[in-house]
Each structure stands twice: as C-alpha cells, then as structure tokens.
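# Fold and contact review
Here are the chains, one letter per residue:
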Amino acid sequence: MAVPLQQMEAASEPKELVRLVVIGSVDDGKSTLIGRLLYETGALFDDQIEQVRRATRNGDAIDFSLFTDGLKAEREQGITIDVAYRYFETRRRKFILADTPGHAQYTRNMATGASTADAAIILVDARLGVLPQTRRHATIASLLGIRRLAVAVNKMDLAGFDPGAFQRIAGQVRAFAASLGFTQLVLLPVSAKLGDNVALQSPRMPWHRGGSVLDFVESVEVQRDRAERPFRFPVQNVLRPHIDYRGLAGQIASGAVTVGDEIVVLPSGARSRVRAIETFEGLVSRAHAPMSVVLRLADDVDAGRGDLLAHPESAPAVGRQVEAMAVWLAERPLDFTRAYAIKHASCTSPARIEAVRSRFDPETGARGPASSLGLNEIGMLGVRTARPVAADTYAENRATGAFILIDALTNETVAAGMIASGPRAETEQAAARPIEPGMVLLVRARTEALSVARAHEFERIAAEGALVSAIVRRPAAARACAAAGLVVLFPAADEDLEAAREALRAVGVEPVEVDGEAEAQSLHRAIAREDR
C-alpha cells in the first residue's frame, strides 16, 4: 500500500529525545507505572508480554512491574535495587526512562538515575501520603538540577478514587515543593495497576481535568539550551596521523564554535583560532553541543587530553579549590588521610578533600556540622586539586559543573560532586608569601597524620631546590634549627593547633601557619630565587 508523502516526511524527521526519571518511596508503584506506560505505548514485544504473564503471581492478569525489575533479587523481594533504563517513543518524541530504587540505602543509585534527567515523575501512595523518603527524593532531584516535576498520586483504586484523598496529598506536595525551585509542578491521580490516567484519561475520575502521565511526558518542556550556553570543549584526544596534521578530538559539552573563532586553552591560557572543524561526515563551518568533532587550530599551542577550550570572553574560572555538594557513593567513609583523584570532564587530577563544610539532610533541607560522610550521605565538601581545573558551577552548566571522586588506591568511584562555587585561584596574599631560611612553618591539617604528610611534602620540595629544612616535633628543637638557618616544619593537627602555637611562642619563636598548596607554591618560588 502506498504511504502518503507527508507521513513519510514525518517519519524521517528526527524526534526530540527526553530523559525521564521515576522516583519515590518503596512500594509506591514506580516499576508498575513504567511497565504500564511501556505496555500502553506499544514498546513491548509479544514474547516479553507472554513471559511476564507466566511470571505473574497472585492471580493477576499481568504484573507490570516485572517489565523493569529484571534482577533476580528484585523479583524475589518485590523492590527495585539497581537503576533500570527503558526506552520507548511516541509519535513526536523518544524517551529514555530511568526506574530508580526507593530504599534509602540505595540513594546513590537514585542520584545516578536522576543526574541526567530532564524531568522527573515522583510517586506517592494515595493511602500513605507524603513520606520522608518522598521529600528526600524530591529534594535530591531539585539538587541535581531537575526543574520539572510530575507527582503521580498512585493506587487511587485503593482509595476509592476519592477526590478528597487526592486534594489532601496535593496540598502536602505543594507545601514541601514550594522551596525546592521547581518551575513546573503537575499533580496527577493515577492507578498504575489498572491504567487510570497513565496513557488515557480515566473515566473513573471525571473530576480530574489535568491529563495523564503520557500527556505530561509528551508535552513537558525540556531544556535544550546546551547549544546556547558558553562554548565548552573538553579535549579527549590529540590526533596525529602524520606530521602535518594535529587535531583535538572531543565532544562539545555546551555552546557552539565557528571556523575563525578565537579560543583559549585552559588552564594554560594559550590562545589561537579555529582553522577547521571536522566531523565523521566531513568538514563543517560550525558545530554545536552535543556534536563530536575534531578541532584544528591555527597555531601549534600546547593542548591535550584534560584541557578545556572556550571562547576568551566567556571562559570559565580556573583554580585548584572548589566547594561542591557531593553524594558519597562508597561503603568506606570519607577519610581525609586517603588519596583521591578528581575526574572532571576529560581531566583527571590528584585531589585532597580538605573539609566537610556541612552535612545536608535531604528530608528536611537542613544543613548541620559533620566531620565525615558515609554511604549515601550528602554534604558540602572543600576539595583542592593538584592540577588547576577549568569549571563552571553546576547551576550554570551541568556538563562542566559536575565531577566524580575516585579512590586512588582501589580505583573505586567514591563520590559524585556538583560544584557550588569556584574553582578559585590561590589568593594574592598566600601566593606572595615568601619562604625564608630560619622561618618556622606551623603545618596544619585536620589530623596529625595528614599534617605530617604535608610536612614531608614541603621537605621534598625544599630539597629539590637545595633549601635545607627539618621536620621537628619539639619547640626547643624548632628554635635551634631556625637559629641555624633551616626552614623548620612543625606539623600539628587542627585540634592541637592552639597548644602548638603557644608552645612555640613560649620559647621565643613566632610561627607562620601554612595549610597546603599555596605554601607549596611559595616554596617553589623560593627555590627559583635560589636558582637565580
């Protein structure tokens, strides 16, 4: 049969891709809702449907949750453990849908599924109303930059399709969501098991005029402004097939670039112009996010994997210090004496967690003091990197405002971070501080072991430049070594800092407190002066 030309043209047009995440408490029916949605939109094969029919228990015709709960442990327990991704499409859109766990112990999995989503659907049990875990997940979704939320009040069949029950829960939702910054909040009464207001308007709830879940996902406005943001190009690889060719390969994280544009290479600050832009299909004059391209520059500037290209007038900040909200993903708690690495865009660098500024309670939104972070906990961290990083805040740019922390010993991903402020360069005052012979440096750190480790790092730097230093633990020894013209390193934990300071002053020594990378750079400058 002939196909109309208009239908052929419509079929050939690329569909908009929307990333969704379904979140909520345990047993709210997330997997059932997704299974029903896949079933109603024709995204399932006949053999899948037949297999689930055979696996369905309790006399039901079909258990829609089995379409997404694929792990054996999930089916045995009737819960979602890992993030399950499902794909379906409608006439005008394609969808990647993440089914995330509801248990508090799997918060890290929920955060992973929500980290790339354009919009979220959160479920609430019509019998139970808003629970602490509901608030937790909604807060995390907001924290991860999701601004469009649909709240599906599920199991309305068990509440007798009562409009009063729905309105009561809707009021609870509006109250706690008011401070979370959602730009769109849609409330839907749903029965995922029976299909009410999932794909079609329910005749059993004629009092609801707000559409269905499918209506929401079909019409929700998704942010497609990556191409309108400032240009960011993390270099993934340098291509040198022959001596006359040098190209920088990578994916444009945001913004657009045109042949002839001036660019700056960060963190070095070298500048050049774009001579050519190459794609798999060939040369183009302009490219935008999220295209994967090879940029050829007019000059042979030093640029390689880990560097970031940007337009000079809209370049991101560069520095070694960032403040970031992080979700701790590892079973081993945060350890200040442990070596970590930061993976930001295409750059990997040794890093040190300097402090936990606060711990964040996602159920209440409150922040309190903390000395560490454990599995699934969220907190504000101060992170210092060995290599300067070029980054935006997460609110400005998801692609260049996020990072992960890796355990340097086990190579395990231990945290996912969202930059709240920074990166910051070293302060002028710290950068200008000279290190002179006879100076006593009070090397401070959170723990004694870490302060000793930093002192040994300074000792190594000084030795490279023929500066004589000594690590001492007694005030009298510090005075004697300083009188002999040595650079004295006196390690002290934060809790012992005041006592160490007073002990040194008691023997006639006025210490200079040092704390990390800035003073290490000062030692490098002192070494340079000695070389001259």
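Residues numbered from 1 in each chain as written. Predicted model: local features only at pLDDT ≥ 70, side-chain atom pairs only at ≥ 80, totals over all residues. Heavy atoms only, no water.

### Remarks on helix 11 (residues 475-483)
Here helix 11 has its buried residues at A478, C481 and A482. Looking down the long axis of helix 11, one finds its buried residues gathered within 100° of arc, a one-sided arrangement. Of the surrounding secondary structure, the elements contacted by the buried residues of helix 11 are strand 24 (440-445), strand 25 (469-471), strand 26 (487-493) and helix 12 (497-506). Just downstream of helix 11, G485 is the residue with a positive phi angle, here 90°. (Buried < 20%, exposed > 50% of the residue type's maximum accessible area, 1.4 Å probe, protein only. Helix = DSSP H or I, 4+ residues; strand = E, 2+ residues; numbered from the N terminus. Arc of directions from axis to C-beta. Contact = heavy atoms within 4.5 Å.)

### Topic: empty space enclosed by the protein
The tally for this structure, following the rule as stated, stands at two cavities of 30 Å³ or more. In this structure, the largest cavity spans a volume of roughly 70 Å³. What lines the largest cavity is a set of 14 residues, and nearest its centre among them are G306, L308, H344, C347 and A390. Considering every element that reaches the lining of the largest cavity, the biggest residue donor is strand 21 (residues 378-391), with four residues. When the residues that make up the lining of the largest cavity are grouped by side-chain class, the tally is nine nonpolar, three polar and two charged. Within this model, the second largest cavity holds a volume of roughly 40 Å³. In this structure, the second largest cavity is lined by R19, L20, Y85, I96, L97, A98, G113, T116 and A117. Contributing elements (two or more residues each) for the lining of the second largest cavity: strand 1 (16-24) and strand 3 (93-99). (1 Å grid on protein atoms, 1.4 Å probe; cavity = no way out; pocket = protein on both sides within 12 Å on 5 of 7 lines; lining within 4 Å. Points joined across faces, edges and corners; volume = space filled by probe spheres on them. Nonpolar A, V, L, I, M, F, W, Y, C, P; charged D, E, K, R; others polar.)

### Considerations on the sheet that holds strand 4 (residues 119-125)
Think of a sheet as strands paired side by side through backbone hydrogen bonds, with each pair either parallel or antiparallel. Within the open sheet, the six strands sit side by side as 2-3-1-4-5-6. Their pairing is mixed. Of all strands in the sheet, those with a lone pairing partner are strand 2 (84-89) and strand 6 (184-189), marking the two edges. Between one strand and the next, the sheet's axes are offset by a mean angle of 20°, whatever the strand orientation. Each of strand 4, strand 5 (148-154) and strand 6 is contacted by helix 7 (residues 163-177), which is oriented at about 160° to strand 6, the strand it contacts most. (Pairing = 2+ DSSP bridges. Axes fitted to C-alpha atoms, helices over the stretch in contact; angles between N-to-C directions.)

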